[in-house]
Amino acid sequence: MDRDLSEDDSVVDLSFEAESPLAPPAELLERLPSYDWLLQGGGRQIFFSPLEAPRRPLEQRCWSSFVEHRVPMVTEEVAREALLSFVSSKCCYGSTAAGDLVIQELKQQTLCRYRLETFTESRISEWTFQPFTNQSVDGPQRGTSPRLWDIKVQVPPMFQEDTRKFQVPHSSLVKECHKCHGRGRYKCSGCHGAGMVRCPSCSGAKRKAKQSRRCQMCSGSGRRRCSTCSGRGNKTCATCKGEKKLLHFIQLVIVWKNSLFEFVSEHRLNCPGELLAKAKGESLFKDENTMVYPIVDFPLREISLASQRGIAEHSAALASRARVLQQGETSRTS
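On a predicted model such as this, the values are computed, not experimentally measured, just so you know.

1. Topic: the overall build of the chain
Stage number 1. Looking only at helices and strands, the chain has five helices and 11 strands in total.
Stage number 2. Out of the 334 residues in the chain, the part that is buried amounts to 35%.
Stage number 3. At a minimum sequence separation of 6, the contacts of the chain that also span at least 24 residues come to 85%.
Stage number 4. With an accessible surface of roughly 20,900 Å², the chain has 49% of that area assigned to carbon and sulfur atoms.

2. Details of the environment of Gln-251
Stage number 1. With respect to the helices and strands, the residue Gln-251 is situated in strand S9 (residues 245-264).
Stage number 2. Considered as a pair, Gln-251 and Leu-148 are 103 residues apart in the sequence and their alpha carbons are 9.9 Å apart.
Stage number 3. When sequence neighbours within four positions are dropped, the list of residues in contact with Gln-251 reads Ile-124, Ser-125, Glu-126, Thr-128, Lys-165 and Phe-166.

3. So, the pattern of salt bridges
Stage number 1. Tallying each qualifying case throughout the model produces five salt bridges.
Stage number 2. Residue Arg-323 is joined to Glu-121 by a salt bridge in which the shortest nitrogen-to-oxygen separation is 3.6 Å. Taken as a pair, Arg-323 in strand S11 (residues 323-333) and Glu-121 in strand S2 (residues 112-131) lie far apart in primary sequence, 202 residues in all.
Stage number 3. On the basis of relative accessibility, which here comes to 1%, the residue Glu-121 falls in the buried class.
Stage number 4. Notably, a salt bridge pairs Asp-162 with Arg-164, separated by 2.9 Å at the nearest N-O pair.

4. A few points about the confidence of the model for the chain
Stage number 1. Across the chain, the average pLDDT comes to 78, with 72% of residues at or above 70.
Stage number 2. Taken element by element, the predicted model of the chain shows its lowest mean pLDDT in helix H1 (residues 63-70) (50) and its highest in strand S3 (residues 162-167) (94).
Stage number 3. This stretch, residues 1-10, has a pLDDT under 50; its non-local contacts, to residues over four places away or in other chains, come to 17 contacts.

5. Here we look at the packing of aromatic side chains
Stage number 1. Scanning the entire structure with this criterion turns up three aromatic pairs.
Stage number 2. Between Tyr-114 and Phe-261 the ring centres are 6.3 Å apart and the planes differ by 65°, which places this aromatic pair in the edge-to-face class. With a gap of 147 residues between them, Tyr-114 in strand S2 and Phe-261 in strand S9 connect regions that are remote in the sequence.
Stage number 3. Owing to a relative accessible area of 1%, Tyr-114 belongs among the buried residues under this scheme.

6. Some thoughts on unusual backbone geometry
Stage number 1. Here the phi dihedral of Ser-219 falls at roughly 55°; this positive angle occurs in a residue that is not glycine.
Stage number 2. Phi is positive for Ser-230, close to 60°, though the residue is something other than glycine.
Stage number 3. Inspection of the secondary structure assignment puts Ser-230 in the loop between strand S7 (223-225) and strand S8 (234-236).
Stage number 4. The class for Ser-230 is partly exposed, based on a relative accessible area of 41%.

7. Some points on a nonpolar patch on the surface
Stage number 1. On the surface, a nonpolar cluster with roughly 380 Å² of combined accessible area is contributed by Leu-83, Phe-86, Tyr-93 and Leu-101.
Stage number 2. Structurally, Leu-101 is set in the loop between helix H3 (96-100) and S2.

8. Observations concerning the state of the cysteines
Stage number 1. Here the structure, examined in full by the defined rule, presents zero disulfides.
Stage number 2. The closest cysteine sulfur to the non-disulfide-bonded Cys-177 is located on Cys-180, 3.7 Å from its own sulfur.
Stage number 3. On the basis of relative accessibility, which here comes to 1%, the residue Cys-177 falls in the buried class.
Stage number 4. We note that Cys-229 lacks a disulfide partner, and the nearest cysteine sulfur, in Cys-191, lies 3.7 Å from it.
Stage number 5. Judged by relative accessible area, which is 0%, Cys-229 ranks as buried.

9. Quick notes on the nonpolar core
When a protein is soluble and globular, its nonpolar side chains tend to lie buried together.
Stage number 1. Counting 13 residues, the largest nonpolar core has Tyr-114, Phe-298 and Ile-303 as its most contacted members.
Stage number 2. When contributions to this core are tallied by element, the ones reaching two or more residues are S2, S9, strand S10 (282-289) and helix H5 (301-318).
Stage number 3. With sequence-adjacent residues up to four places away left out, Ile-303 is seen in contact with Cys-112, Tyr-114, Phe-263, Ser-265, Ile-295, Phe-298 and Ser-331.

10. Points about the side chain of His-314
Stage number 1. Within the secondary structure, His-314 sits in helix H5.
Stage number 2. Judged by its relative accessible area of 8%, His-314 falls in the buried class.
Stage number 3. Ignoring anything within four residues of it in the chain, the contact list for His-314 reads Leu-116, Thr-118, Ser-259, Leu-260, Phe-261 and Ala-319.

Calculation notes
- Residues numbered from 1 in each chain as written.
- Predicted model: local features only at pLDDT ≥ 70, side-chain atom pairs only at ≥ 80, totals over all residues.
- Heavy atoms only, no water.
- Helix = DSSP H or I, 4+ residues; strand = E, 2+ residues; numbered from the N terminus.
- Buried < 20%, exposed > 50% of the residue type's maximum accessible area, 1.4 Å probe, protein only.
- Contact = heavy atoms within 4.5 Å.
- Areas by Shrake-Rupley, 256 points an atom, 1.4 Å probe, with all protein chains shown as cover.
- Salt bridge = Lys/Arg side-chain N within 4 Å of Asp/Glu carboxyl O.
- pLDDT = per-residue confidence, 0-100.
- Phe/Tyr/Trp six-rings, centres within 6.5 Å; stacked < 30°, edge-to-face > 60°.
- Patch = residues over 30% accessible without salt bridge, like charges linked within 9 Å, V, L, I, M, F, W, Y side chains within 5 Å.
- Disulfide = S-S within 2.5 Å.
- Core = buried A, V, L, I, M, F, W, Y, C linked by side-chain atoms within 4.5 Å.

Below, the structure is given as structure tokens:
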């Protein structure tokens, strides 16, 4: 029968607890000025800047003349060059027919695409920890922790998504590991601290059933060394890595995200949508600023409505949880 060390073993019995790091109880951590809410809302909170981006004067444009100037006319020569270019891109297509083809009629249809990009920054704060290895501790005694939006960081290039993590200054606390209670190890769940387990071959009987000779796997002892802990009877705490203490600190997680809104005007082209999306076309306009305004009085009313809808959707979805760093809207014709 396996030896039970629960009465005299000094290693805390965590046999049925998960080995992965778990969040410490709230009462273990001290309240820091401006961060006491972290111990009330589950230890994680999203912060956004209360400051609004400065608005700029509304610019009026004469869209009719602008669009007429930018949209090129498709001539027979342009159409034939496009056809020959398509044929030459196919290895088995002949170009003779495309070159001799008589073009009887050209019907031009303008297709407009609208695209809105909103580049935002959101800041998330949370308590986290790592094993304490006698490193320098930047705690509250060194000063008051800055508020999340007061921490200066290098912003990535506009419209390039990224995620970075930073340790909030003066927020570090050293505490006894809450998982192993400062022992650095816990009793093995495989052998319950004995280091040996019943032989799986003979089930501890020292001999196999209906055999007179002793079990070869355990050499007749009925027990084998525990493979879970290699016979030590205990395992190193996975939370503190055996260091017995943890360094707790507030971690700032900054997420830069680029949100997209795209719209294609109504058309009667029998063409797959993915091909229309790849078409380069001609740029009608491009506007980029901290905040862009909806397009008004555009010759195609659906583009104006799409611009208004896209900006409204981004404002409603992002304003309450992120700070807008830059917006850009473009329209192209194909």
